[in-house]
Amino acid sequence: MVTSSIGVAALALISVGSAVAATIYVENGDAGDLPLGAQVVTPGGNPLDHILGNLSGTNDNADMFSILLTGGKAFSATTTLSLTANFFDTELFLFDSTGRGVYANDDDLNSPPQSTLPANISFTPNVSGIYYLVIAGSAYLPRNASGFIFPVSGGFLDQSGGVQGAVGPTGPGGASPLTAWSSISSERGAYDIALTGVLTSVPEPSTGLLIGAGIWALGVRRRLR
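Everything numeric in this text was worked out from a predicted model, so none of it was measured. (Residues numbered from 1 in each chain as written. Predicted model: local features only at pLDDT ≥ 70, side-chain atom pairs only at ≥ 80, totals over all residues. Heavy atoms only, no water.)

**A closer look at the sheet that holds strand β12 (residues 147-148)**
To keep it simple, the criterion reads: Strands were regarded as paired on the criterion that DSSP finds at least two bridges between them. A run of H or I in DSSP becomes a helix once it reaches four residues, and a run of E becomes a strand once it reaches two; helices and strands are each numbered from the N terminus.
What the 3 strands build is an open sheet, ordered β12-β11-β13; its pairing is antiparallel. Two strands in the sheet have a free side with no partner beyond their single neighbour: β12 and β13 (180-182). Bridging between strand β11 (residues 141-144) and β13 involves 3 bridges; their strand directions are antiparallel. Across the sheet, the residue bridging to arginine 143 is alanine 180, located in β13.

**What about unusual backbone geometry?**
The bulk of non-glycine residues show a negative phi, and the bulk of peptide bonds are trans. Using the following cut-off: Per-residue accessibility, obtained with a 1.4 Å probe over protein chains only, is compared with the maximum for each type, and a residue is labelled buried under 20%, exposed over 50%, and partly exposed between these values.
Backbone geometry places lysine 73, a non-glycine residue, at a positive phi of 60°. Among the secondary structure elements, lysine 73 is positioned in the loop between β5 (62-69) and β6 (76-78). For lysine 73, a relative accessible area of 24% corresponds to the partly exposed category. The backbone of serine 183 shows a phi angle near 60°, a positive value even though the residue is not glycine. On the secondary structure map, serine 183 appears in the loop between β13 and β14 (189-196).

**Things to note about the confidence of the model for the protein chain**
Any segment with low pLDDT has predicted coordinates that should not be analysed in fine detail. Formally: Per-residue confidence from the predictor is reported as pLDDT, which spans 0 to 100. Contacts between residues were defined by any pair of non-hydrogen atoms, one from each residue, lying within 4.5 Å.
Averaged over all residues, the pLDDT of the protein chain equals 77, while 72% of them reach at least 70. Ignoring residues within four places in sequence, the model shows residues 1-20, a span with pLDDT below 50, making 27 contacts including any to other chains. With pLDDT under 50 throughout, residues 157-164 is counted as low confidence; its partners more than four residues away or in other chains account for 20 contacts.

**Some thoughts on the environment of tyrosine 103**
Going by this rule: Pairs of N or O atoms are called polar contacts if they sit within 3.5 Å, as long as, within protein, a hydrogen donor faces a hydrogen acceptor (for residues adjacent in sequence, only side-chain-to-side-chain pairs).
Inspection of the secondary structure puts tyrosine 103 in strand β8 (residues 101-105). Separated by 67 residues in the primary sequence, tyrosine 103 and threonine 170 place their C-alpha atoms 9.4 Å from one another. At 2.8 Å, the side chain of tyrosine 103 forms a polar contact with the backbone oxygen of proline 118.

**Re the sheet that holds β6**
The strand order across the open sheet formed by 5 strands is β1-β4-β14-β6-β9, and the pairing between neighbours is mixed. Across the chains shown, the open sheet's two edge strands, defined by having one partner strand only, are β1 (24-26) and β9 (116-117). Two elements, strand β4 (residues 50-55) and β14, share 6 bridges in a ladder whose sense is antiparallel. Within the sheet, the bridge partner assigned to leucine 52 lies in β14 and is aspartate 192.

**Details of the nonpolar core**
Stated precisely, the cut-off is as follows: For our purposes a nonpolar core is just a set of buried Ala, Val, Leu, Ile, Met, Phe, Trp, Tyr and Cys residues, chained together by side-chain atoms within 4.5 Å.
Ile51, Ile67, Phe75, Leu94, Leu133, Ile193 and Leu195 are the most contacted members of the largest nonpolar core, which totals 25 residues. Within the residue set of this core, elements represented by two or more residues are β4, β5, β7 (90-95), β8, β10 (129-137) and β14. Beyond its immediate stretch of four places on either side in the chain, isoleucine 67 contacts Val41, Ile51, Phe75, Gly129, Ile130, Tyr131, Leu133 and Val198. Listed in part, the 15 residues of the second largest apolar core include Ala62, Val134, Phe150 and Leu178.

**Comments concerning the environment of valine 152**
As for its placement among the helices and strands, valine 152 is situated in the loop between β12 and β13. Sequence spacing of valine 152 and valine 167 is 15 residues, and the spatial spacing of their C-alpha atoms is 9.8 Å.

**Side note on the packing of aromatic side chains**
Note the cut-off: Note on aromatic pairs: the rings of Phe, Tyr and Trp (six-membered ring only in Trp) are paired at centre separations within 6.5 Å, and the planes decide the class, stacked below 30 degrees, edge-to-face beyond 60, tilted for the rest.
Counted under the stated rule, the structure contains 7 aromatic pairs. Judged by centre distance (6.3 Å) and plane angle (25°), the rings of phenylalanine 93 and phenylalanine 95 are stacked. A single burial state applies to phenylalanine 93 and to phenylalanine 95, both of which are buried. Considering the side-chain rings of tyrosine 103 and phenylalanine 123, the 6.2 Å spacing of their centres and the 35° angle between planes classify their relative orientation as tilted. One end of the pair, tyrosine 103, is in strand β8; the other, phenylalanine 123, is in the loop between β9 and β10, with 20 residues separating them in the sequence.

**Description of the pairing of β11**
As judged from the 2 bridges shared by β11 and β12, these two strands associate in the antiparallel manner. Each bridged residue has a counterpart across the sheet, and for asparagine 144 the counterpart in β12 is glycine 147. A loop of 2 residues connects β11 with β12, the two strands running antiparallel in sequence.

Here it is as structure tokens:
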């Protein structure tokens with residue numbers, strides 16, 4: 001479900017001098033953790049600024065969203081710039097339209113234990129199209145029959161061998177699509193993923209008001225008849 005302008009009014013971000021509301025997608029029910037169960041954010045012409053949702057219960061360790069990226073290495077996702085507080089240890093993953101890993105992050109170097117998939121790095125997609133974004137609790141890890149998709153050893157290993165970096169799909173299962181997850185996570189709660197380089201079709205506030213006015217006018221005309 002994509003929220004209406006009225007539904008997101010309470011969570012609007014106001015920019016100085018322009019009063020522009022953030023475009024927000026709210027998880028509808030429980031998003032799955034594999035492509036077949038991913039929640040689809042309907043693509044359109046407006047930038048998507050935030051995805052809000054919740055991980056709850058032992059069977060809800062990750063949420064996957066199908067999103068449209070603009071390409072040009074503009075995409076980013078982070079749980080550090082939230083409209084609401086995040087109090088659990090997050091992980092973020094991006095997969096391409098075939099379910100193959102693109103890049104992942106466990107802990108943002110500047111704000112652990114929150115997570116960031118940065119724009120304008122070597123892993124950031126340069127090609128526009130449909131991708132899958134996943135948020136998970138720490139220790140819930142994507143895999144397939146060949147093994148883990150991303151390099152894991154007490155955390156995601158960055159290219160220098162340390163932990164806490166954005167990483168590419170260089171694990172044993174990195175060449176194949178996601179089919180399963182390992183373990184479970186005790187980390188869960190409400191989340192807010194701040195985004196750049198993603199499109200959606202939420203109507204502009206003025207459009208929503210016009211639609212509402214039109215529906216009201218039709219109702220008046222029917223009553224008069």
